[in-house]
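Chain residues, written in single-letter form:
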Amino acid sequence: MRSHRLQLNTSKTEFIWCCPSRRRRHIPDGDFHVNTDQVIPVSAARNLGVFVDGEMSMKSHISHVAASCFGAMRQIRSIRRSLPSAALEMLVTSLVHSRLDYCNVVFAGLPACDIRRLQSVLNSSVRLVTGARKYDHVTSLLRDHHWLPIAERIEYKLCTLVFRCLQGNAPRYLVDHVVPTPSVGRRSGLRSADTLTLDVPRTRLSFGDRAFCVAGPRAWNSLPIQVRSAQSLYTFRKLLKTFMFQRAYS
C-alpha cells in the first residue's frame with residue numbers, strides 16, 4: 001500500500017481469522033495493526049453479498065438470507081389480498097427466491113440441519129402463494145408449482161456451472177478445476193473415461209468435499225448420461241430440471 005500510495009480505511013476494512021473451532025484457541029485475541037492503523041477482527045465478513053464466518057460454516061450467511069426473506073414475505077403478506085395470484089407468485093419469486101438462489105453454490109456440502117433452515121424459507125413462500133396454513137404439508141404444493149427443494153436447487157446451480165466450464169463459458173479459475181476423466185493419465189484407460197465423467201480429487205478432510213473442484217465433479221458424475229451429453233445450455237437446463245424434479249418428488 002505504501003508503494004502504491006494507498007491509505008487504509010479502517011472503517012471499510014474487515015479482518016477475519018479462518019480456522020476450525022478446535023484451533024480457535026491458537027489465534028491471537030488482539031487487534032490487527034497495519035502501520036499505525038488498528039483493525040478489529042470480526043466473526044463474519046461480507047464479500048459480494050455473502051457473509052463468510054471464521055469456521056466457513058455459512059451459518060451467518062444463512063441467518064442473513066433467512067431474515068431478509070422473511071422480512072420480504074411479511075411485506076408481501078400485508079398486500080396479499082390486493083394482488084392477483086400471478087402477481088403474488090411473481091413477487092415471491094423475485095424477492096424471496098432470488099435471495100435463496102444467490103450464490104447458493106456456497107451451501108454445497110453443508111449439514112442437513114443448515115439446509116433445512118433454508119428449506120423452511122421456501123416452504124413459507126409456497127404457503128404464502130397458495131394461502132395454505134402454517135402446518136400444512138408443502139410437498140404437493142411445491143410439486144404443483146414446479147419448485148425444486150433447496151438441496152436440488154443447489155445441485156442444479158452447481159451442475160450448471162460445471163456445464164459452463166466444459167463449454168468454456170465460465171471464468172478461468174473455475175474451468176481449471178474441471179478435469180475430464182480421459183485427461184487424467186491414471187484413469188484414461190478405464191471404461192468410465194467414455195461416460196463423460198469428471199475426475200474427483202481426493203481429500204483428506206470432510207471440509208475439502210465442499211470445494212468446487214470436488215463438489216462440482218461429484219454432482220456432475222451423479223447425472224444420467226443423457227443429461228451430461230446435452231449439446232446446449234438450454235437443453236441441459238431443461239433435462240437437468242426434469243431429472244431433479246423426478247428425483248425429488250418421485
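See the structure shown above.
Below is a summary of the structure that appears in this document. Just so we're clear, the structure is a prediction, and the values are computed from it rather than from any experiment.

### A few points about the pairing of strand β4 (residues 50-53)
Moving on, step 1. In this structure, strand β3 (residues 44-47) lies alongside β4, joined through four bridges in antiparallel fashion. Opposite Ala45, over in β4, you have Val52 as the bridge partner.

### So, the side chain of Asp53
Moving on, step 1. Relative to the assigned elements, Asp53 resides in strand β4.
Moving on, step 2. Looking at Asp53, its side chain comes within polar contact range of the main-chain nitrogen of Met56, at 3.0 Å.
Moving on, step 3. Separated by 2.8 Å, the side chain of Asp53 and the backbone nitrogen of Met58 make a polar contact.
Moving on, step 4. Residues contacting Asp53, with those up to four places away along its chain left out, are Ile16, Cys18, Ser43, Ala44, Met58, Lys59 and Ser60.

### Topic: the nonpolar core
Moving on, step 1. By size, the foremost hydrophobic cluster in this structure holds 52 residues, and its most contacted members are Val96, Leu100, Phe107 and Phe236.
Moving on, step 2. Secondary-structure elements contributing two or more residues to this core are α1 (59-78), α2 (85-101), α3 (112-130), α4 (139-144), α5 (150-166), α6 (172-175), α7 (212-221) and α9 (233-249).

### Description of the packing of aromatic side chains
Centre distance and the angle of the planes are the two values used to describe a pair of aromatic rings.
Moving on, step 1. Inspection of the entire model under this criterion finds six aromatic pairs.
Moving on, step 2. Of the aromatic side chains, those joined through ring pairs into one cluster are Phe15, Trp17 and Phe32.

### What to know about the environment of Arg5
Moving on, step 1. Secondary-structure assignment places Arg5 in the segment before β1 (32-34).
Moving on, step 2. Once the C-alpha coordinates of Arg5 and Ser222 are considered, the two residues, 217 residues apart in sequence, prove to be 51 Å apart.

### Points about the pattern of salt bridges
Moving on, step 1. Taken as a whole, this structure holds seven salt bridges when the rule is applied.
Moving on, step 2. Residue Arg153 pairs with Asp101 through a salt bridge whose shortest N-O separation is 2.9 Å. Linking Arg153 in helix α5 with Asp101 in helix α2, this pair joins segments that are 52 residues apart in sequence.
Moving on, step 3. Judged by relative accessible area, which is 13%, Arg153 ranks as buried.
Moving on, step 4. One salt bridge connects Arg172 with Asp176, and the closest N-O pair in it is separated by 3.0 Å.
Moving on, step 5. Asp176 gets classed as partly exposed once you look at its relative accessible area, which sits at 47%.
Moving on, step 6. Taken together, the shared-partner salt bridges connect Glu152, Glu155 and Arg247 into one network.

### Some words on the packing of α1 against α3
Moving on, step 1. The geometry of α1 relative to α3 is characterised by a closest axis approach of 10 Å and an angle of 10° between their N-to-C directions. Taken together, the axes of α1 and α3 are roughly parallel relative to one another. Counted together, Lys59, Ile62, Ser63, Val65, Ala66, Cys69, Phe70, Met73, Ile76 and Arg77 of α1 and Asp114, Arg117, Leu118, Ser120, Val121, Ser124, Ser125 and Leu128 of α3 form the full contact between these two elements.
Moving on, step 2. By residue class, the composition of the contact of α1 with α3 is ten nonpolar, four polar and four charged.

Conventions adopted
- Residues numbered from 1 in each chain as written.
- Predicted model: local features only at pLDDT ≥ 70, side-chain atom pairs only at ≥ 80, totals over all residues.
- Heavy atoms only, no water.
- Pairing = 2+ DSSP bridges.
- Helix = DSSP H or I, 4+ residues; strand = E, 2+ residues; numbered from the N terminus.
- Polar contact = N/O pair within 3.5 Å; in protein donor to acceptor, adjacent residues only side chain to side chain.
- Contact = heavy atoms within 4.5 Å.
- Core = buried A, V, L, I, M, F, W, Y, C linked by side-chain atoms within 4.5 Å.
- Buried < 20%, exposed > 50% of the residue type's maximum accessible area, 1.4 Å probe, protein only.
- Phe/Tyr/Trp six-rings, centres within 6.5 Å; stacked < 30°, edge-to-face > 60°.
- Salt bridge = Lys/Arg side-chain N within 4 Å of Asp/Glu carboxyl O.
- Axes fitted to C-alpha atoms, helices over the stretch in contact; angles between N-to-C directions.
- Parallel < 35°, antiparallel > 145°, perpendicular 65-115°, else oblique.
- Nonpolar A, V, L, I, M, F, W, Y, C, P; charged D, E, K, R; others polar.

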